[in-house]
Amino acid sequence: MNDSATSSAREPLTSVQPALPAAWYRDPVHYARELQVFWYGMWIVVAREEESAAAGDYRVIGIGTQSVLVVRGEDGSLRAFHNTCRHRGSILATVAQGGLAGRRIVCPYHGWTYDLEGRLAATPRRMPTPDFDPRQYPLYAVALDCWGGFVFVNLKGEDAPPLDESLGGLPQALQRHGLADLRIGKRIVLDVRANWKILAENFAECYHCPPVHPELCRIVTAYREGGAWGLHRDAAGQPLAEQRPKYLPGAATLTLDGSARIPPFRGLTPDERARIYMAKELRPNLFLNVQPDYLNTQMMFPTGPESVRMVYDWLFEPESLAGPGFDLEHYVALWDVTNRQDARNCEWQQQGLHALPFRHGHFMPQEFDGHRFSRWVRSALGGA
Ligand code: FES
Ligand SMILES: [Fe+2]
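Calculation criteria
- Residues numbered from 1 in each chain as written.
- Chains lettered and ligands numbered in written order.
- Predicted model: local features only at pLDDT ≥ 70, side-chain atom pairs only at ≥ 80, totals over all residues.
- Heavy atoms only, no water.
- Donors = N, O, S within 2.8 Å, 3.2 Å for Na, K, Ca; no water.
- Tetrahedral: all angles 85-135°; square planar, octahedral: opposite > 155°, others 65-115°.
- Buried < 20%, exposed > 50% of the residue type's maximum accessible area, 1.4 Å probe, protein only.
- Pairing = 2+ DSSP bridges.
- Helix = DSSP H or I, 4+ residues; strand = E, 2+ residues; numbered from the N terminus.
- Axes fitted to C-alpha atoms, helices over the stretch in contact; angles between N-to-C directions.
- Domains from an automatic or database assignment.
- Buried area = accessible area lost by both parts, 1.4 Å probe.
- Salt bridge = Lys/Arg side-chain N within 4 Å of Asp/Glu carboxyl O.
- Polar contact = N/O pair within 3.5 Å; in protein donor to acceptor, adjacent residues only side chain to side chain.

Novice: Which residues make up the coordination of the iron ion (ligand 2), and what are the values?
Specialist: Protein ligation of the iron ion (ligand 2) involves H208 (NE2), H213 (NE2), D342 (OD) and D342 (OD), the donor distances falling in the range 2.0 to 2.6 Å. Note that the iron ion (ligand 2) binds four donor atoms; their angles at the metal cover 55 to 148°, and the shape is irregular. For H208, a relative accessible area of 11% puts it in the buried group. Assessed through its relative accessible area of 0%, H213 is described here as buried.

Novice: Could you give an account of the sheet that holds strand β12 (residues 183–192), naming the residues involved and the relevant values?
Specialist: Strand order in the open sheet formed by five strands is β12-β16-β15-β14-β13, and the pairing between neighbours is antiparallel. Strand pairing shows two members of the sheet lacking a second neighbour, β12 and β13 (278–282), which therefore form its edges. Adjacent strand axes in the sheet meet at a mean angle of 15°, parallel and antiparallel pairs treated alike. Bridging between β12 and strand β16 (residues 307–316) involves nine bridges; their strand directions are antiparallel.

Novice: Can you lay out the domain arrangement of the protein chain for me, pointing to particular residues and giving the numbers?
Specialist: According to the domain assignment, the protein chain consists of domain 1 (1–39 + 168–384) and domain 2 (44–159). The centre of domain 1, based on its C-alpha atoms, is set 33 Å off from the matching centre of domain 2. Summing the contributions of domain 1 and of domain 2, the shared interface buries around 1600 Å²; its carbon and sulfur component is 69%. Together, W39, L179 and F301 form the three largest contributors to the area buried by domain 1 at its contact with domain 2, with a combined 27%. Applying the counting criterion to the domain 1 and domain 2 interface returns one salt bridge. Taken together, the connections running from domain 1 to domain 2 amount to six residue pairs in polar contact (both at pLDDT 80 or more). Taken together, the elements giving at least two residues each to the side of domain 1 that touches domain 2 come down to α1 (28–39), α2 (170–173), β12, β14 (286–290), β15 (295–304) and β16.

Printed below as a string of structure tokens:
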């Protein structure tokens, strides 16, 4: 549904363009290469800051074959480490989240113990030898930075470029939404049997909206045109002014009936309040459905060549969440049904592209943003 990519104009394709090779959506060798380039080489959104609020609070996030431990330190800073012990390589945290007893990371195997900054603090029962220097065995560090309340990690560690360079126009576009102060009202996690790029391409186009998303099209009436709204040109190729309204008359936000039951974000301009929906993305793994009073965010984590974990959050101003009679379900329902429709169609596409004669798909004019994504993939893989 990406009708406003952060860095690009809405220009329809003027010819049918080939999608990526079908094998790239299923081949384990190609998947391993993509893990290196995209998932172990770029900034990846892994959590919201509020999830690790107190010293010792931790979360474990799987990115491809890698397990990353994000933990809040005694000094209030978040840090990330590979979830792997320096002794003989056991994982450290065995459950996905929690609080560390004694503010120590204790390996479940032989008990090597690390502080919250990753330093080896104790090696119980170890018979001493003169060559052992605990300073040589800190946890493997992963780069971590935050923006807008989102926690990002980069497995390049010290070699990671500054996060700012990866954020593009997003901070500017959402500067008045108060993202850092928003809180999770609802989280839904879905394991989807489709390659990660299928989910990304799905988010990038609305050609599929009329058959797939009747509820969404009821409120965003522009989507009944399958992503062509606002893209029509006259005979000279000049953009035609769009006459038809974009939303259901009277709609104030994206809910099943378009009604709002909480105030819009306090910092928005009148124009921003009137814009019921914006889709934003941060490659490779964050999709943002932005309404004037809440966000539905989607974090994506590859779990295999043909599978991905989707983490859907609904973010609100804390005052709205705490308001008397706040109706969370009113705000969750539309994107929940829409996200599940997308996931189902992505799984169907994943199944179908195994057909022996199917070499690649085809992008139609209004799928310009999916095509843009595929070009980005090709270029990151070295122009393949
Ligand atoms: S593997 Fe961690 S203490 Fe032995
Ligand atoms: Fe969709």
